[in-house]
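Chain by chain, the residues run as shown.
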Amino acid sequence: MKDLNWVKGWTLVIASFAVVFAFSTVDHAISPLVEWLQVFFGVAAENILWLISSCTAGIVAGLFVGPQFIKSVRVSRAVWLSLLMMAGGVWAFVATPSFALSLAVRFVFGLGAGLFSTVLWWLAYESIDRRFYTPMITVLTAARPMAVAAGVPLVMYGGQYVSWRWSFAALGGITALFCLAFLWAAPKDESPKNPFTPKALLQRYRLAWNTPRLKTFFSAMFINRLCYFGFYSMLGLWFIGHYHLNTLEIARPLMAIGICETLINFVVPFLLKVGPKKLFYVSVLGNAAAFAVFAWGVLPLWWAIVFIGLFAMTDRVYNMLLLLFIPKVFDSSKDRTTIGSLVTLVSWAALMAVSWLEGALLDVVGLDWTALFLLLSLAVGSVLYVKVLKRTVFAAVPS
């Protein structure tokens, strides 16, 4: 029995990683594939970014209803529904040349991903064996950057030699396979269930909204994340506009950036020895400085990639610190699943907003003015973070 629990624990960790890796690859591949998708759908290159915002709208919706949904139905049913929407959404996306229909399909895919993300918060904070908590958090934070480092370049090379549509379809298969593995290994959800009603859903967020410091903290998160997600949304157009790279040439910079962002996840525990307060300030200031250096595309290509890597790494450092700070920032909260879900919900809401704005306005305002807007968002969000942390975590943490 002990051996079976050990096998199931590691199956959950591996399956969670694989599903997040697969749907993150599908999502992050849109921007680098902008040239191919523009030809396939026959729309303006900037409009392709709406495929990001439509998917993100689905993720936000899934994250919003997710905490109440899993209080109303068994988690196993939520996973089955996520499987159908994610795998089915990918396969429907590659099968339709209609841009309008693809936007709807991407929304459904995102809805499944958002719902599955809520299940992962439930698993990590409330259900998983404590022996697997640290590996679970580690692989979940590493899965998205690894998708950038490995998953997206593989899709791009697959698109060159086979078809990007077949590459996406394979990711749908991976999603379905590991969702089934997750279902086999997941702990039983035996909690009492309540009917799912709009009133109950809103009441959950109304209670969370009244948590001290929540409004300022998550406003800071939304504004701050506009920069990171805004750059990744326009990354393909940015490399094309400033460095005249084609789709396949973008793969190598993406691999380098993704590797940097992946490795830093495993280094942060050692960096914490310098002190969380000092590390937070250094990483935030380094993040803004790195972005300001490369954002206008004036550096030689590989120097730009170096600074983009630094930007990605410092972003990962202070956002991992914020996850560690959350229990102290919201020490009065009893609903950890909703607070955890809000982290993902607000981040993806920022991506939804900024990718939609870039899709609508990038051809009007251009890359340089967009970069300035992103830098200002980074600065304002960081100042709001500091305002909250000075009154909570940093009040008791030495420099």
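Per chain, residue numbering runs from 1 following the sequence as it is written. The predicted nature of this model means local features are confined to residues of pLDDT at least 70 and side-chain atom pairs, given and counted, to a pLDDT of 80 or more, with totals for whole chains, interfaces and linings taken over all residues. For the side-chain quantities, the full set of heavy atoms in the structure was used; hydrogens and water were omitted.

Moving on, we come to the pattern of salt bridges. Opposite charge on two side chains permits them to pair, given that their charged atoms come into close proximity. Salt bridge, as used here, is a side-chain nitrogen of Lys or Arg placed within 4 Å of a carboxyl oxygen of Asp or Glu. Tallied over the entire structure, the rule returns 4 salt bridges. In this structure, Arg316 engages Glu261 in a salt bridge whose closest nitrogen and oxygen atoms are separated by 3.4 Å. One end of the pair, Arg316, is in helix H13 (residues 301-329); the other, Glu261, is in helix H11 (residues 251-271), and 55 residues separate them in sequence. For the residue pair Arg316 and Glu261, the accessibility class agrees, reading buried in each case. Connected through salt bridges with shared partners, the residues Arg144, Glu261 and Arg316 form a single ionic network. Counting from the N terminus, the helices are the DSSP runs of H or I reaching at least four residues and the strands are the DSSP runs of E reaching at least two. A 1.4 Å probe rolled over the protein chains alone gives each residue an accessible area, and that area as a share of the maximum for its type sets the label: buried under 20%, exposed over 50%, partly exposed in between.

In what follows, a disulfide is any cysteine sulfur pair within 2.5 Å. What the rule picks out here adds up to 0 disulfides. Cys227 carries a free sulfur, and the closest cysteine sulfur to it, the one in Cys260, is 17 Å from it. Among the residues examined, Cys227 registers a relative accessible area of 0% and is labelled buried. The partly exposed category is assigned to Cys260, whose relative accessible area is 25%.

Before going further, it helps to spend a moment on the packing of aromatic side chains. Stacked, edge-to-face and tilted labels apply to pairs of Phe, Tyr and Trp rings (six-membered ring for Trp) whose centres lie within 6.5 Å, assigned for plane angles under 30 degrees, over 60, and everything in between, in that order. This model, assessed by the stated rule, comprises 37 aromatic pairs. Consider the rings of Tyr228 and Phe229, whose centres lie 5.4 Å apart with planes at 75°: the pair is edge-to-face. Exposure remark for Tyr228: the relative accessible area of 1% places this residue in the buried category. Ring pairs connect the aromatic residues Tyr228, Phe229, Phe231, Tyr232, Trp238, Phe239, Tyr243, Phe291, Phe294, Phe311 and Trp348, which therefore count as one cluster. Two conditions define a charge located above a ring, namely a distance within 6 Å from the ring centre to NZ of Lys or CZ of Arg, and an angle within 35 degrees of the ring normal. The cationic tip of Arg225 hangs over the ring face of Phe229; the distance from NZ or CZ to the ring centre is 5.2 Å.

A separate point is the environment of Val267. Its location among the elements puts Val267 in helix H11. On a C-alpha basis, the gap between Val267 and Val317 in space is 9.0 Å, while along the polypeptide they are 50 residues apart.

Here the focus is a nonpolar patch on the surface. Taken together, Trp356, Leu357, Leu361, Val364, Val365, Trp369, Leu372 and Leu376 make up a surface patch of nonpolar side chains, about 800 Å² in accessible area. Within the fold, Leu357 resides in helix H14 (residues 336-391). Note on Leu357: relative accessible area 34%, which makes it partly exposed. Patches here: salt-bridge-free residues with over 30% relative accessible area, like charges joined within 9 Å, nonpolar side chains (Val, Leu, Ile, Met, Phe, Trp, Tyr) joined within 5 Å. Each accessible area is a Shrake-Rupley estimate made with a 1.4 Å probe; only the visible protein chains count as cover when residues are assessed.

Right, let's talk about the packing of helix H9 (residues 214-233) against H13 for a bit. Contact geometry of H9 with H13 gives a least axis separation of 12 Å together with a crossing angle of 160°. In terms of orientation, H9 lies roughly antiparallel with respect to H13. In this structure, H9 crosses over H13, and the sense of that crossing is left-handed. Here Phe217, Asn224, Arg225, Cys227, Tyr228, Phe231 and Tyr232 of H9 lie close against H13, whose contacting residues are Ile308, Phe311, Ala312, Asp315, Arg316, Tyr318, Asn319, Leu322, Ile326 and Val329. In this analysis, axes come from line fits to C-alpha atoms, helices being fitted only over the stretch in contact, and the angle between any two N-to-C directions falls in the range 0 to 180 degrees. Oblique is the label for any angle not covered by the other classes, which are roughly parallel (under 35 degrees), roughly antiparallel (over 145) and roughly perpendicular (65 to 115). Crossings are classed by handedness, with left-handed meaning an anticlockwise turn of the near helix from the far one by less than a right angle and right-handed meaning a clockwise turn. The contact rule is simple, with two residues in contact once any of their heavy atoms fall within 4.5 Å.

Using a relative accessible area of 12% as the deciding quantity, one classes Arg316 as buried. Polar contact criterion, stated in full: a pair of N or O atoms within 3.5 Å, where within protein one must be able to donate a hydrogen and the other to accept it, and residues adjacent in sequence count only if both atoms are side-chain atoms. For Arg316, the side chain forms a polar contact with the side chain of Glu261, separated by 3.4 Å. Once you skip the residues sitting within four places of it in the chain, Arg316 turns out to touch Thr141, Arg144, Tyr228, Glu261, Ile264 and Asn265.

Moving on, we come to the nonpolar core. Residues belong to a common nonpolar core when they are buried Ala, Val, Leu, Ile, Met, Phe, Trp, Tyr or Cys residues joined through side-chain atoms within 4.5 Å. Core analysis: the largest hydrophobic core is formed by 133 residues, its most contacted members being Phe168, Phe217, Trp238 and Phe280. Here this core gets 19 residues from one element, more than from any other, and that element is H14. Setting aside residues no more than four positions away along its own chain, Trp238 makes contact with Phe231, Tyr243, Phe294, Ala295, Gly297, Ala304, Ile308 and Leu367.

We now examine the confidence of the model for the chain. Summing up the model confidence of the chain, the mean pLDDT is 88 and the portion of residues at 70 or higher is 97%. Taking the mean pLDDT of every element in the chain, the minimum, 77, falls on helix H8 (residues 198-209) and the maximum, 95, on helix H12 (residues 276-294). Note: pLDDT gives the predictor's confidence per residue, expressed from 0 to 100.

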